[in-house]
Amino acid sequence: MVKIERSYPAPESLAVEALKKNGSYREKDVIDRLRDDFHDKCYICEIKGLQDPEVEHLLPHKNGKYPERKFDWDNLFLCCGHCNKVKNNERYDKGIIDCCRRNPEELMNFLLQDGDIVVSAKNLDDEQAVLTAALIYETFNLRNTGIRNAACEHRLRALMSNMNVFYRELEKYKKCPDSKRNKRVICSHLRRDSEFAAFKRNYVRERLSEYPALAPYVSLAKE
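Scope of this entry: the structure provided in the associated data block. Keep in mind that this is a model prediction, so the values were computed, not measured.

### Focus: the nonpolar core
In step 1: Counting residues in hydrophobic clusters, the biggest one holds 51 residues, and the most contacted among them are F38, C42, Y43, I44, M108 and I136.
In step 2: Elements supplying a minimum of two residues to this core: α2 (28-37), β2 (76-79), α4 (81-87), β3 (108-113), β4 (116-121), α6 (127-141), α7 (146-175) and α9 (197-205).
In step 3: M108 has contacts with I97, V119, S120, A121, K122, A129, T132, A133, I136 and N202, leaving out every residue within four places of it along the chain.
In step 4: Counting 9 residues, the second largest nonpolar core, distinct from the first, contains L170, Y173, L190 and Y211.

This is the structure we're talking about:
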């Protein structure tokens, strides 16, 4: 999960659809804007190139119990179907991190260790960070059904594949730090629009003594 810059004003269809009895918050302008703002990635697991994107409500509208949330542009997020279903649990109803308002990288660590992920809150008193870390962990590890097992395995394989490509580029960089082409490739991996960017950026951030020239590309300084 990385910081997202949401665009404004809200898509025009939201105001129109909110006036209808059975209005939709999934009109084309909403989907297009979300895919653009969120770099065509699920905001939770960061898998990229969603073929069946879903519009997820950060705070649930609970079938009309909170009607003001249903068409609220600030409450709509781009999500994959797997993560949307995992998040559809009462434990997450009180709210996870709003990555359009708070920077998840300032609040959590994202690690791949021995073929498994470790996501942890930096401050255990930050309830949103603790809850969000638990959710991200579950999207890679909640294997209580056959479908979820397959979905988790797919995400873990994709993450490991991405990281292995990234590791190889970093090894090339160590051997030839003056290679402009190699540095461009690494910087593309470290952009927030990259797949699984939080894990790649965290990896470099923890090894800045090895890669001091990459510090500006993983900085947590507020823009």
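Next comes the rest of the description.
### Some remarks on helix α8 (residues 180-190)
In step 1: Those residues of α8 lying buried are N182, I186, C187, H189 and L190. Buried residues of α8, seen end-on, are gathered within an arc of 155° and therefore sit on one face of the element. In this structure, α8 carries K180, R181 and R184 as exposed residues pointing more than 90 degrees from its buried face.
In step 2: Looking at the buried residues of α8, the elements they touch are α7 and α9.

### Points about the side chain of H82
In step 1: By secondary structure assignment, the location of H82 is in helix α4.
In step 2: Judged by relative accessible area, which is 10%, H82 ranks as buried.
In step 3: Reaching out from H82, the side chain makes a polar contact with the backbone oxygen of T139 at a distance of 2.8 Å.
In step 4: Those residues within four positions of H82 in sequence are excluded, and the remaining contacts are T139, R148, A151, C152 and R155.

### Here's the deal with the pairing of β3
In step 1: Inspection of the sheet shows β3 paired to β4 by 6 bridges, in the antiparallel sense. For L111, the partnering residue across the bridge sits in β4 and is V118.
In step 2: Two successive antiparallel strands, β3 and β4, enclose a turn made up of 2 residues, where D114 displays a positive phi of approximately 50°.

### Focus on unusual backbone geometry
In step 1: Backbone torsion omega between Y8 and P9 reads 0°, so that peptide bond is classified as cis.
In step 2: Although it is not a glycine, D40 adopts a positive phi angle of roughly 55°.
In step 3: Note on placement: D40 falls in the loop between α2 and β1 (54-57).
In step 4: The phi torsion at D114 lies on the positive side, around 50°, for a residue other than glycine.
In step 5: Note that D114 resides in the loop between β3 and β4.

### A look at the environment of L58
In step 1: Within the fold, L58 resides in the loop between β1 and α3 (67-70).
In step 2: By relative accessible area, which is 6% here, L58 ends up buried.
In step 3: The sequence separation of L58 and C99 amounts to 41 residues, and the corresponding C-alpha distance is 9.9 Å.
In step 4: In this structure, L58 is in contact with Y43, N75, F77, K87, I96, I97 and D98, ignoring residues within four places of it in sequence.

### Some details on α9
Residues three or four positions apart in an α-helix share a direction because the helix packs 3.6 residues into each turn.
In step 1: Among the 9 residues in α9, 8 count as buried, and that is most of the element.
In step 2: Within α9 the residues assigned to the buried category are A197, A198, F199, K200, R201, N202, V204 and R205.
In step 3: In this structure, the buried residues of α9 make contact with α5 (104-107), β3, β4, α7 and α8.

Cut-offs applied
Residues numbered from 1 in each chain as written. Predicted model: local features only at pLDDT ≥ 70, side-chain atom pairs only at ≥ 80, totals over all residues. Heavy atoms only, no water. Core = buried A, V, L, I, M, F, W, Y, C linked by side-chain atoms within 4.5 Å. Buried < 20%, exposed > 50% of the residue type's maximum accessible area, 1.4 Å probe, protein only. Helix = DSSP H or I, 4+ residues; strand = E, 2+ residues; numbered from the N terminus. Contact = heavy atoms within 4.5 Å. Arc of directions from axis to C-beta. Polar contact = N/O pair within 3.5 Å; in protein donor to acceptor, adjacent residues only side chain to side chain. Pairing = 2+ DSSP bridges.

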